[in-house]
Amino acid sequence: MSSVIVGRTGPFSGQSVVLGTASLRFGRKSDNDVIILSTSASRLHAEIVVEEDTFVLHDRNSRNGTYVNEQRVTRHVLAPGDVIRIGDETFLFETQEALETVMDLSQLDLPRPTALANPSALRVTIAGGGPVGLAFALMLENALQGRVLITVYEGRWAKAGSAVVWKDETQGNVRRQQVVTVQSRQYLALTEEMQSALFDAGQFSEMWPVGPDSVDGRPPRNIRIAYVEDRLLALANSKSAIRLIPKRFDASEHEHRLTQEHVLAICDGGRSRTREHYGDRFGAADASIYSLDGEHLQDVVLGLRVKSPLTDQMSVLLTVSQNRFLLNSLRGEGFLNMRLTREEIKAVVGIDPVRQVFEECIAARPCVMSRHEDNEFVCPTHGTLFLPALLRGSALWKRIQEGLRLFGVAEDDLSAITSFRLDMVQRPRFTAQLSRSTAASPGTYGFLLGDAANAIHFWPGRGLNSGLASAVSLARSLSRTWQGRPLRDADFIRHEAAMSMLQYRHKSRAWNAMVTTDEQGVTRAIKDVIARSMEEVQAGPQAPAAGPEAEQPDLESLLERMVAIRERLATRLSGLPTDEELRHHLATLAPTTLRTLQESGAWDTLIVGGEEADIDLFYGADAPIYAPRPRDPRVAGAGPGPQEPAPLNPA
């Protein structure tokens with residue numbers, strides 16, 4: 001039966017160590033297993049040793065004595081429930097099994113058992129165990145091996161034996177099956193262990209061509225986000241320095257404990273409750289920069305889970321040639337994303353078939369509605385049905401069918417529907433001191449990472465990339481900085497600069513995926529341009545029937561655009577479709593759809609292209625930090641005033 005020592009009061013409160021065959025020594029001297037900084041403790045104060053299958057506490061001639069249950073002892077055979085006091089700190093001796101009987105150890109809010117044995121370790125709490133939170137934990141553990149203790153909270157996890165796993169639908173968690181595009185600049189910054197875990201053969205595809213964000217000629221990689229979550233969580237389970245807590249992080253509940261942590265990394269998404277709890281520290285977000293005519297722009301996107309038979313080359317060309325539909329897939333399977341107009345947004349509702357009432361289930365949560373028999377799309381959580389699919393003559397359902405036709409998807413290969421609401425704000429800062437260093441606490445710094453820092457419109461496919469870059473940046477800053485002393489603002493100059501650069505680059509790119517400017521210089525939301533194109537068709541003369549013989553100026557314009565884009569892509573993506581293949585494919589679409597695709601415009605590669613955000617600029621060996629060069633006061637003329645800057649080597 002294994003036993004454990006748990007800190008009850010003092011700096012080790014809430015930390016634990018499992019006792020083994022080796023002795024455990026307490027005292028002020030640095031070579032002790034548990035270093036007690038109290039002046040009441042002796043250099044070697046006490047020791048727990050194994051004697052005939054029992055744990056015995058010995059006082060080692062300490063000046064102020066060792067106490068068990070407030071009785072001074074020189075030798076004491078420990079029993080479960082004993083409270084040990086050494087100096088000003090107290091510890092509980094208990095069997096590990098007894099603690100598990102009372103409460104699952106994962107719920108005890110304790111770091112890994114090495115915590116007491118390494119009190120000088122960097123103590124980190126991570127709110128949110130999605131891809132960004134897990135990536136940060138794994139990179140920091142790799143960079144500070146043996147010098148860091150990490151606790152990660154995630155409410156979408158559950159215990160499965162000794163491991164922590166993702167909950168499934170029966171437990172109220174619908175896994176994210178969307179495919180994300182990870183740029184080589186980001187995946188090459190991960191540890192080799194993480195890269196090996198993520199990029200097994202058959203689990204990713206290289207659909208998009210090499211671009212400005214590619215490193216060493218390595219193309220972006222498409223990978224399913226649920227797979228990323230599974231692999232990173234499995235890796236984190238194997239790390240003794242990372243403790244996984246399957247519960248949602250509550251900042252108010254853990255406020256006292258956080259004063260004993262050095263770092264709080266906030267990775268719990270764009271609607272982060274943790275960030276809002278510390279809103280006064282991080283400052284108010286500004287929505288005006290992403291507004292038109294005083295309205296904060298928001299896109300709503302319908303996510304259609306599909307299987308497309310088209311080649312990647314055809315899918316890429318169809319996607320970048322217009323702004324109504326975006327297909328991100330892994331070997332044809334993924335989500336076809338449909339940008340909605342204001343009127344279409346109103347139609348994204350569910351209906352409760354029992355109570356016969358409308359619900360905003362899919363629009364407000366959002367939920368994932370999976371296909372059942374009779375063309376019904378059912379939300380497993382709320383039991384609602386997707387109304388437009390029941391009204392097969394509805395305008396929205398007909399437009400969904402046109403999107404499927406654009407990418408050659410049979411209606412039977414549409415398996416689920418969900419929705420996303422996308423908007424952006426400008427954040428004033430990403431680093432904040434949450435509590436100051438005192439004699440009893442190290443001082444805690446908070447950091448916004450991932451969508452909690454920069455929720456980005458995913459149309460350009462940079463959300464996860466920005467999140468991974470932010471995790472890499474903070475892991476590098478902390479690994480360079482940590483020397484066992486309290487942290488300070490100056491330690492995070494590089495990281496804050498990197499976060500500001502990511503915000504500027506990726507949000508400027510995303511903003512240009514939400515708006516377009518016409519030849520007269522008028523800027524409009526793309527969703528409104530799409531709506532106007534449909535109104536013009538409805539108000540105009542009856543459009544001719546689609547077909548290869550029909551005269552269709554929108555088809556010709558769209559084809560001309562695709563041919564021009566194909567020529568630009570040809571050097572980076574082989575096997576692109578011919579003119580005849582494109583014409584034959586586009587001719588299957590309704591004239592109203594062709595008009596919408598034409599009016600929506602192509603991806604603005606001129607604006608969204610160009611130099612990429614590279615955090616290596618701040619962490620390279622030759623990246624200088626400038627500081628005033630001190631002057632010898634004995635030199636004539638030396639005194640206050642501007643001084644010549646001198647480059648210093650990075651820490």
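So, here's what we can say about the structure. Everything numeric in this text was worked out from a predicted model, so none of it was measured.

## Considerations on the pattern of salt bridges
Then comes step 1: All chains considered together, the criterion is met by 37 salt bridges.
Then comes step 2: Note that Asp 614 and Arg 185 form a salt bridge whose closest N and O atoms lie 3.1 Å from each other. Of this pair, Asp 614 sits in the loop between helix 21 (605-608) and helix 22 (616-619) while Arg 185 sits in helix 3 (residues 184-187), and the two are 429 residues apart along the sequence. Pair check on accessibility: Asp 614 and Arg 185 agree, each one buried.

## Let's talk about unusual backbone geometry
Most peptide bonds take the trans configuration, and most residues that are not glycine carry a negative phi.
Then comes step 1: Although it is not a glycine, Asn 69 sits at a positive phi angle of roughly 50°.
Then comes step 2: Within the secondary structure layout, Asn 69 lies in the loop between strand 7 (66-68) and strand 8 (71-73).

## Some details on empty space enclosed by the protein
Then comes step 1: For the structure on display, the rule yields two cavities of 30 Å³ or more.
Then comes step 2: Those elements giving two or more residues to the lining of the largest cavity turn out to be helix 2 (131-143), helix 4 (192-198), helix 5 (225-237) and helix 15 (463-481).

## Some thoughts on the sheet that holds strand 18 (residues 221-224)
Then comes step 1: Strands sit in the order 16-18-17 across an open sheet of three strands; the sheet is antiparallel. Edge strands, defined here as strands with exactly one partner in the open sheet, are strand 16 (179-182) and strand 17 (204-205).
Then comes step 2: Pairing of strand 16 with strand 18, which is carried by four bridges, proceeds in the antiparallel orientation. By the bridge assignment for strand 18, Thr 181 is matched with Asn 222.
Then comes step 3: Across the face of the sheet, helix 5 comes into contact with strand 16 and strand 18 while running at roughly 75° to strand 18.

## Describing the packing of helix 9 (residues 312-320) against helix 19 (residues 579-586)
Then comes step 1: Closest axis-to-axis distance for the helix 9/helix 19 pair is 12 Å, and the angle between their directions is 65°. Crossing handedness for the pair helix 9 and helix 19: right-handed. Touching Met 314, Leu 317 and Leu 318 of helix 9 are Glu 581, Leu 582, His 585 and Leu 586, all from helix 19.
Then comes step 2: Of the residues contributing to the contact of helix 9 with helix 19, the split by class is five nonpolar, one polar and one charged.

## A few points about helix 5
Then comes step 1: Across its 13 residues, helix 5 extends 18 Å between first and last C-alpha, which sits within 8% of the 18 Å expected from 1.5 Å per residue.
Then comes step 2: Within helix 5 the residues assigned to the buried category are Ile 225, Ala 226, Tyr 227, Val 228, Glu 229, Leu 232, Leu 233, Leu 235 and Ala 236.

## Focus on the sheet that holds strand 20 (residues 263-266)
Then comes step 1: As summarised here, the arrangement of the six strands in space is 19-13-12-20-33-32, forming an open sheet in which the pairing is mixed. Looking along the sheet, the strands with just one partner apiece sit at the ends: strand 19 (242-245) and strand 32 (431-435). Pairs of neighbouring strands in the sheet enclose a mean axial angle of 20°, with direction left out of account.
Then comes step 2: Where strand 32 lies against strand 33 (residues 444-448), four bridges are found, and the strand directions are antiparallel. Across the sheet, the residue bridging to Thr 431 is Phe 447, located in strand 33.

## Things to note about the pairing of strand 24 (residues 325-330)
Then comes step 1: Of all six residues in strand 24, six are buried, a share of seventy percent or more.
Then comes step 2: Every second residue of strand 24 is oriented toward a common face, with Phe 325, Leu 327 and Ser 329 on one face and Leu 326, Asn 328 and Leu 330 on the other, all of them buried.
Then comes step 3: The pairing of strand 24 with strand 25 (residues 333-339) spans six bridges and is classified as antiparallel. The residue of strand 25 that forms the bridge with Phe 325 is Met 338.
Then comes step 4: Here strand 24 hands over to strand 25 after two residues, with Arg 331 in that stretch at a positive phi of 55°.

## Focus: the pairing of strand 11 (residues 89-95)
Then comes step 1: Of all seven residues in strand 11, seven are buried, a share of seventy percent or more.
Then comes step 2: Two elements, strand 1 (residues 3-9) and strand 11, share six bridges in a ladder whose sense is antiparallel. Opposite Ser 3, over in strand 11, you have Thr 95 as the bridge partner.
Then comes step 3: Where strand 10 (residues 83-86) and strand 11 come together, four bridges link them in antiparallel fashion. For Ile 86, the partnering residue across the bridge sits in strand 11 and is Glu 89.
Then comes step 4: Between strand 10 and strand 11, which pair antiparallel one after the other, the connecting turn spans two residues, and Gly 87 there sits at a positive phi close to 65°.

What counts and how
- Residues numbered from 1 in each chain as written.
- Predicted model: local features only at pLDDT ≥ 70, side-chain atom pairs only at ≥ 80, totals over all residues.
- Heavy atoms only, no water.
- Salt bridge = Lys/Arg side-chain N within 4 Å of Asp/Glu carboxyl O.
- Helix = DSSP H or I, 4+ residues; strand = E, 2+ residues; numbered from the N terminus.
- Buried < 20%, exposed > 50% of the residue type's maximum accessible area, 1.4 Å probe, protein only.
- 1 Å grid on protein atoms, 1.4 Å probe; cavity = no way out; pocket = protein on both sides within 12 Å on 5 of 7 lines; lining within 4 Å.
- Points joined across faces, edges and corners; volume = space filled by probe spheres on them.
- Pairing = 2+ DSSP bridges.
- Contact = heavy atoms within 4.5 Å.
- Axes fitted to C-alpha atoms, helices over the stretch in contact; angles between N-to-C directions.
- Left-handed = near helix turned anticlockwise from the far one by under 90°.
- Nonpolar A, V, L, I, M, F, W, Y, C, P; charged D, E, K, R; others polar.
- Expected span 1.5 Å × (residues − 1).

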